[in-house]
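Spelled out from the first residue to the last, the chains are:
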Amino acid sequence: MTDAVLFENAAILDGTAEGAVPGHVLVESGTIKDVSDKPIAAAAARRIDLKGRTLMPGLIDAHVHVVAGVVNLGLNAMLPDAVVAFRAAKIMHGMLMRGFTTVRDLGGCTHGLRMARDEGHFDGPRLNISGKALSQTGGHCDFRGRHDTRDTAFFAARLGSLGRLVDGVADVRRACREEIKAGADYIKIMANGGVASPTDPIAFVGFSREEVLAAVEEAENAGTYVAAHLYTDSAIHRAVDCGVRSLEHCNLIQADTARFAAKSGAIACPTLVTYQALKDEGATLGLPAESVAKIDDVRLAGLRSIEIMREAGLTMAFGTDLLGDMHRHQSEEFVIRGEILPAIEVIRSATINAAKLLMSEGRIGCVAPGAHADLIVVEGDPLKDLSLLTRQGQHLSAIMLGGRFVKDQLAA
């Protein structure tokens, strides 16, 4: 096979073991053909001796907004679609060059943008999308402000809008069906107040119980699940009780609710780096004052929430939720989590745990036969130093996406 690549003498690290495992990996036709602890015969393959360097699956960021080119999301929604699309392509290329070969978009990205990526118009990660996130009037995707009386349908068709506004069970059902018809892989709802929106305090609970149940049923009918934006303990407990599977943020979760979520099979996706970035740079980059005032309500509880969820046995995926120029901080989430968690658990959050959340186990987030050949080569051992995954991919000597090198600094 002319496109075959054989990685030899690698330290393979994907989270399936407690550490790196020595071995050899053969890539053919965009997939991983073979993984072995013994030499692999492949006469036609390009042979690369990694000499013990770390070979990992491409990283997975399970909470991004690729259309968020500016921090002020109300302004972002007003931008021309063409501008949003070109900015999104640049944002996604940056993610790929940090080693993220798959990202899950939590509101905004459309199937059309994914088509452009899949057709090769720009290099970016694989996209798992919710389409537009669903928010009630006055909820976390309502950026109109108190005196803006535009119709609630205004944002639904704008590429730069992270979400759409729906009220009532019938509207929720229709919106879920429309997003799934339009290519959504899952449904996203805004079930709590948020930092970036102007009229909903953090404690604000989004949607009635009946509306949440309707979204969960529609998702299940389509063979998928609901992800919910959540901060407060009571909102998280209600969401889990209604069947929500993916719990985003969870900064204010308490131990009983974390245990309930773990028992229910939910997966949490904390996003700690965004709060630090918003605290440091948000106001300078255009975050409205009413949003800046809400940051510490969730930022200061973030690290403790990680401890609570770990102690409860709640599976955690890797997420960042960054906006605008702050996307460059994406990989710093590894170091922040590493202050609390063992490095192997942080690695798992961006590999096998995230793959499970995306319902893509065995295809991404692992180094195994049959998986996509999405791979990164790290110069050093991330288990000893998680910062090797930061600095905009500086320590990644190779990034492979679907068997194709998008970065190659390896000698043949």
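Since the structure is predicted, the reported quantities are computational estimates derived from the model, not experimental observations.

Conventions and cut-offs
Residues numbered from 1 in each chain as written. Predicted model: local features only at pLDDT ≥ 70, side-chain atom pairs only at ≥ 80, totals over all residues. Heavy atoms only, no water. 1 Å grid on protein atoms, 1.4 Å probe; cavity = no way out; pocket = protein on both sides within 12 Å on 5 of 7 lines; lining within 4 Å. Points joined across faces, edges and corners; volume = space filled by probe spheres on them. Nonpolar A, V, L, I, M, F, W, Y, C, P; charged D, E, K, R; others polar. Domains from an automatic or database assignment. Helix = DSSP H or I, 4+ residues; strand = E, 2+ residues; numbered from the N terminus. Buried < 20%, exposed > 50% of the residue type's maximum accessible area, 1.4 Å probe, protein only. Contact = heavy atoms within 4.5 Å. Polar contact = N/O pair within 3.5 Å; in protein donor to acceptor, adjacent residues only side chain to side chain. Buried area = accessible area lost by both parts, 1.4 Å probe. Salt bridge = Lys/Arg side-chain N within 4 Å of Asp/Glu carboxyl O. Core = buried A, V, L, I, M, F, W, Y, C linked by side-chain atoms within 4.5 Å.

(A) Structural view of empty space enclosed by the protein. Following the criterion strictly, the structure yields two cavities of 30 Å³ or more and no others. If you add up the space inside the second largest cavity, you get close to 50 Å³. When its residues are assigned to classes, the lining of the second largest cavity shows four nonpolar, five polar and two charged. Inspection of the lining of the second largest cavity shows a minimum of three residues originating in each of domain 1 (4–57 + 365–408) and domain 2 (59–358).

(B) How the structure looks around the layout of surface pockets. By volume, the largest pocket is sized at about 290 Å³. Residue lining of the largest pocket: 16 residues in total, with Arg 126, Leu 127, Asn 128, Ser 360 and Arg 363 positioned closest to the centre. Going through the elements one at a time, helix H3 (111–118) and strand S8 (126–129) are the ones with two or more residues in the lining of the largest pocket. In terms of residue class, the lining of the largest pocket is made up of six nonpolar, four polar and six charged.

(C) Seen up close, the environment of Ala 262. Mapped onto the elements, Ala 262 comes out in helix H7 (residues 255–264). Classification of Ala 262 by relative accessible area gives partly exposed; the value is 25%. Put simply, Ala 262 and Phe 155 are 107 residues apart on the chain and 35 Å apart in space, counted from C-alpha to C-alpha. Apart from residues lying up to four places away in sequence, Ala 262 is in contact with Ala 312, Gly 313 and Leu 314.

(D) Looking closely at the side chain of Ser 349. Positionally, Ser 349 belongs in helix H13 (residues 343–349). Look past the residues within four positions of Ser 349 in its chain and what remains in contact with it is Met 316, Ala 317, Phe 318, Arg 337 and Ala 354.

(E) The environment of His 372, seen in detail. By secondary structure assignment, the location of His 372 is in the loop between helix H14 (352–357) and strand S15 (375–378). Measuring from C-alpha to C-alpha, the distance between His 372 and Gly 402 comes to 5.7 Å, with 30 residues separating the pair along the chain. Non-local contacts of His 372, meaning those with residues more than four positions away in its chain, are made with Gly 30, Thr 31, Ile 32, Arg 126, Arg 363 and Ile 364. Engagement of the side chain of His 372 in a polar contact is seen with the side chain of Arg 126, the distance being 3.5 Å.

(F) Up close: the domain arrangement of the protein. When the domains of the protein are assigned, the result is domain 1 (4–57 + 365–408) and domain 2 (59–358). Distance between the C-alpha centres of domain 1 and domain 2: 30 Å. Across the boundary between the two partners, domain 1 contributes 28 residues, which contact 26 residues of domain 2. For the pair domain 1 and domain 2, the two sides together bury roughly 2200 Å², of which 66% comes from carbon and sulfur. On the domain 1 side of the contact with domain 2, Leu 386, Gln 392 and Leu 401 bury the most area, a combined 26% of that side's loss. Across the salt bridge formed by Arg 404 and Asp 123, the nearest N and O atoms sit 2.8 Å from each other. At the boundary of domain 1 with domain 2, the tally comes to 11 residue pairs in polar contact (both at pLDDT 80 or more). Where the side of domain 1 that touches domain 2 is concerned, the elements lending two or more residues are strand S5 (54–57), strand S16 (396–401) and strand S17 (404–408). No other element matches the four residues that S16 contributes to the side of domain 1 that touches domain 2. Here the residues of the side of domain 1 that touches domain 2 sort into 14 nonpolar, nine polar and five charged.

(G) Structural view of the nonpolar core. One finds Val 66, Ile 189, Leu 247, Phe 334 and Leu 389 to be the most contacted residues of the largest nonpolar core, which totals 98 residues. A per-element tally of this core places helix H2 (residues 81–97) first, with seven residues. Domain assignment of the residues forming this core places at least three in each of domain 1 (4–57 + 365–408) and domain 2 (59–358). Listed in part, the 20 residues of the second largest apolar core include Cys 366, Val 367, Leu 375 and Val 377.

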